Amino acid sequence: MPSWRGTVRWTADRPRYHMADVEAPDLLSAMARLREVVPPDVAAGADLLELRRQAAPDEREFSPE
């Protein structure tokens, strides 16, 4: 099953970032799973969400040699 990384930007006294990794078969399922793991205080101050599918090392186009 694919892994997804969600990065949430939230503000309290200054901009902060919360990252969470989830496994899900597709984007919408990943969003639902992120909803379960993002803390309420982060969600309350959030203004941006970036969600990316994590490629397995052998699937990456570029990798360190």
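In this report, the structure presented in the accompanying data block is examined.

What counts, and where the lines are drawn
Residues numbered from 1 in each chain as written. Predicted model: local features only at pLDDT ≥ 70, side-chain atom pairs only at ≥ 80, totals over all residues. Heavy atoms only, no water. Salt bridge = Lys/Arg side-chain N within 4 Å of Asp/Glu carboxyl O. Helix = DSSP H or I, 4+ residues; strand = E, 2+ residues; numbered from the N terminus. Buried < 20%, exposed > 50% of the residue type's maximum accessible area, 1.4 Å probe, protein only. Pairing = 2+ DSSP bridges.

This part takes up the pattern of salt bridges. This model, assessed by the stated rule, comprises four salt bridges. As a salt-bridge pair, Asp 47 and Arg 9 come within 2.9 Å of each other at their nearest N and O atoms. Here Asp 47, found in strand β3 (residues 46–54), pairs with Arg 9, found in strand β1 (residues 3–11); they are 38 residues apart in sequence, far enough to count as distant. When its relative accessible area of 48% is taken as the criterion, Asp 47 is described as partly exposed. Among the salt bridges present, the one from Glu 50 reaches Arg 52, with a minimum N-O distance of 3.4 Å.

This part covers the pairing of strand β2 (residues 15–23). Across nine bridges, the pairing between β1 and β2 is antiparallel. Residue pairing in the sheet places Trp 10 in a bridge with Arg 16 of β2. In textbook terms, the turn of a hairpin is the stretch between consecutive antiparallel strands, and for β1 and β2 this stretch comprises three residues.

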